[in-house]
Amino acid sequence: METVKLYGAWPSPFSYRVIWALKLKGIPFEYIEEDLSSKSPQLLQYNPVYEKVPVLVHGGRPICESMVILEYLDEKWPQQPLLPSDPYKRAEARFWVKFGEDRGPSVWMIYRTEGEKQEKARRDALEMLTILEEHGLNGKKKFFGGDNINIVDIAFGGIAHWMGVIEEITGVKLIEDNKFPLLKAWMHNFKEVSFINENLPNREKMVAFFRARRSMILSSA
Amino acid sequence: MVEENRVTLRGMWSSMYSKRVELALRVKGIEYEYMEEDLMNKSMLLLRYNPVHKKVPVLVHNGKPVAESLVILEYIDETWKHNPRLLPEDPYERAKVGFWANFLHLQVFEALAVVFTSEGEVQERAIEQEEVFGVKFIDRDKYPIISSWVMSLTELPLVKEVIPPREKLAGIFRFIRDKALKSSAV
């Protein structure tokens, strides 16, 4: 079997999407930790367009962009499928993945900004969460994928573990006490799944890392 | 058309995203019914079929709606598996296409939208990005390969059928731009 290597970075939720998919499917891989302040020549060679993690290298060939990697993994290793087999259900799943790609950055904007810009980002993020609660999870079972995790759950994994860190650091609360009951239940269920639970970055480490980084970002703005 | 296999596309004549789907359906030779949406007065059906975004295009097949143009393209390729294929068979080649589709969307189209709806400094910055990717102002000497690709595309008979007349497009774009500039000049 050809070797699988993953270039990632421990604070990155995008990196973790790929780790979760690899673990779910039981695919052996070599993990290479990238220092984002000092990127390796391999990373720059494999991802010349964006110079970002994650990058999956399979048999020497690189694949970039976490959601593109996930679809690739699903096609090469069909066990424990990430996408349903029915074309219509696949289209539904891909719709939500795209929704996450388009709207997800608003949460990170809360982290990267302050004042009016942060306020706008907060409104955008709330809108995204409301749509997820009302349309994405409405009537669903435990997960976006039904009884089991699928590609949509993995795509929104950042909400389950990283969003709380952003809320803590910035003091901007998104998931308030009585709101978003379905989303809260989903976040809890998601993190209970063994291969997710065993593969999450340490929360204290994350708070320290992101707090320091936010100061840097704001002071250079 | 038999009810079961009925394909309807709800679109807008000037929307690039709409045209993508039209082109795909024609390339595949799929019979479909086109319904023009008036974006100022969105139909009840559109709102029901795409409650999240309330946007075109929406493909309705067997009564079930599919939204997001690229998602629709994948759905078409997976449902009507005959040639010509819209996506390659090989997973690695598909990954490459996926990567570039994302790139185009984020770096080119989003930047284009900013150029289009802004002026002054914001527009200047967006145009800089444009020139890096060489799409909006396609200088044939600077970007010969992209230029010739665009030329080849626009020569294809199927593409010619689908692209709206230039004046019509220019008219509506002017309207949209004026509206955008007015609303940002508060």
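What you are looking at is a predicted structure, and each value in this text was computed from that prediction instead of being measured.

S.K.: I tried to follow the UniProt feature "domain: GST C-terminal" (unreviewed entry) in chain A on my own but got confused; where do I start?
M.R.: Within this structure's numbering, the places UniProt gives as "domain: GST C-terminal" (unreviewed entry) are residues 86–209 of chain A. With 71% helix and 0% strand, residues 86–209 of chain A has its two end C-alpha atoms placed 42 Å apart.

S.K.: Looking at this model, I keep getting lost on the side chain of Arg17 of chain A. Mind explaining?
M.R.: Among the secondary structure elements, Arg17 of chain A is positioned in helix H1 (residues 13–25). Those residues in contact with Arg17 of chain A that lie beyond four places of it in its chain are Ser66, Met67, Leu70, Glu101, Ile154 and Ala155 of chain A.

S.K.: Hey, could you run me through the domain arrangement of chain A in this one?
M.R.: It is common to give the size of an interface as the accessible area lost on bringing the parts into contact. Residues and elements named next belong to chain A. Structurally, chain A comprises domain 1 (4–76) and domain 2 (87–220). Each of domain 1 and domain 2 has a C-alpha centre, and the two are 21 Å apart. Facing the 14 residues of domain 1 at the interface are 20 residues of domain 2. Summing the contributions of domain 1 and of domain 2, the shared interface buries around 1700 Å²; its carbon and sulfur component is 73%. The largest share of the area that domain 1 buries against domain 2 comes from Trp10, Trp20 and Met67, three residues that together contribute 41% of it. Linking domain 1 with domain 2 are two salt bridges. Of the charged contacts, one joins Arg94 and Glu71 as a salt bridge, the two residues approaching to 2.9 Å between their closest N and O atoms. If you look at where domain 1 meets domain 2, you find five residue pairs in polar contact (both at pLDDT 80 or more). Of all the secondary structure elements, the ones that give two or more residues to the side of domain 1 that touches domain 2 are H1 and helix H3 (66–76). Top contributing element to the side of domain 1 that touches domain 2 by residue count: H1, with eight residues. In the side of domain 1 that touches domain 2, the residues fall into ten nonpolar, one polar and three charged.

S.K.: Even after reading the chapter, I still don't get the interface of chain A and chain B, so can you show me in this structure?
M.R.: Taken together, the 25 residues of chain A in the interface contact 26 residues of chain B. Buried area between chain A and chain B, summed over both chains or domains, comes out near 2400 Å², and the portion from carbon and sulfur atoms is 65%. On the chain A side of the contact with chain B, Tyr50, Tyr88 and Phe95 of chain A bury the most area, a combined 26% of that side's loss. Lys98 of chain A is the salt-bridge partner of Glu68 of chain B, the closest N and O atoms lying 3.1 Å from each other. At the surface where chain A touches chain B, the tally comes to seven residue pairs in polar contact (both at pLDDT 80 or more). Elements with a minimum of two residues in the side of chain A that touches chain B: strand S4 (61–64), H3, helix H4 (87–103) and helix H6 (115–136) of chain A. Tallying contributions element by element places H4 of chain A first for the side of chain A that touches chain B, with eleven residues.

S.K.: Explanation requested: the UniProt feature "domain: GST N-terminal" (unreviewed entry) in chain B in the structure shown.
M.R.: If you check UniProt for "domain: GST N-terminal" (unreviewed entry), the listed places come out as residues 5–84 of chain B in our numbering. The annotated region residues 5–84 of chain B carries 38% helix and 21% strand content, and the separation between its end C-alpha atoms amounts to 20 Å.

S.K.: Just to check I follow, could you spell out the sheet that holds strand S2 (residues 33–36) of chain B for this structure?
M.R.: Strand pairing in a sheet relies on backbone hydrogen bonds. The paired strands run either parallel or antiparallel. All names here are of chain B. In space, the four strands of this open sheet follow the order S2-S1-S3-S4, with mixed pairing throughout. Pairing within the sheet leaves two strands with one partner each, and these edge strands are S2 and strand S4 (64–67). Across the sheet, the mean angle from the axis of one strand to that of its neighbour is 20 degrees, orientation sign disregarded. One ladder, built from four bridges, connects strand S1 (residues 7–11) with S2; its direction is parallel.

S.K.: What is the right way to look at the domain arrangement of chain B in this model?
M.R.: Residue and element names in this part refer to chain B. Taken as a whole, chain B is organised into domain 1 (7–79) and domain 2 (91–184). Contacts between the two partners involve 14 residues from domain 1, matched on the other side by 15 residues from domain 2. Carbon and sulfur atoms make up 72% of the area that domain 1 and domain 2 hide from each other, which totals about 1200 Å². Looking only at domain 1, the three residues that lose the most surface to domain 2 are Trp13, Leu23 and Arg26, adding up to 42% of its buried area. At the boundary of domain 1 and domain 2, one finds one salt bridge.

Quick notes on the rules
Residues numbered from 1 in each chain as written. Chains lettered and ligands numbered in written order. Predicted model: local features only at pLDDT ≥ 70, side-chain atom pairs only at ≥ 80, totals over all residues. Heavy atoms only, no water. UniProt positions renumbered as here; feature names shortened; annotations may be inferred. Helix = DSSP H or I, 4+ residues; strand = E, 2+ residues; numbered from the N terminus. Contact = heavy atoms within 4.5 Å. Domains from an automatic or database assignment. Buried area = accessible area lost by both parts, 1.4 Å probe. Salt bridge = Lys/Arg side-chain N within 4 Å of Asp/Glu carboxyl O. Polar contact = N/O pair within 3.5 Å; in protein donor to acceptor, adjacent residues only side chain to side chain. Nonpolar A, V, L, I, M, F, W, Y, C, P; charged D, E, K, R; others polar. Pairing = 2+ DSSP bridges. Axes fitted to C-alpha atoms, helices over the stretch in contact; angles between N-to-C directions.

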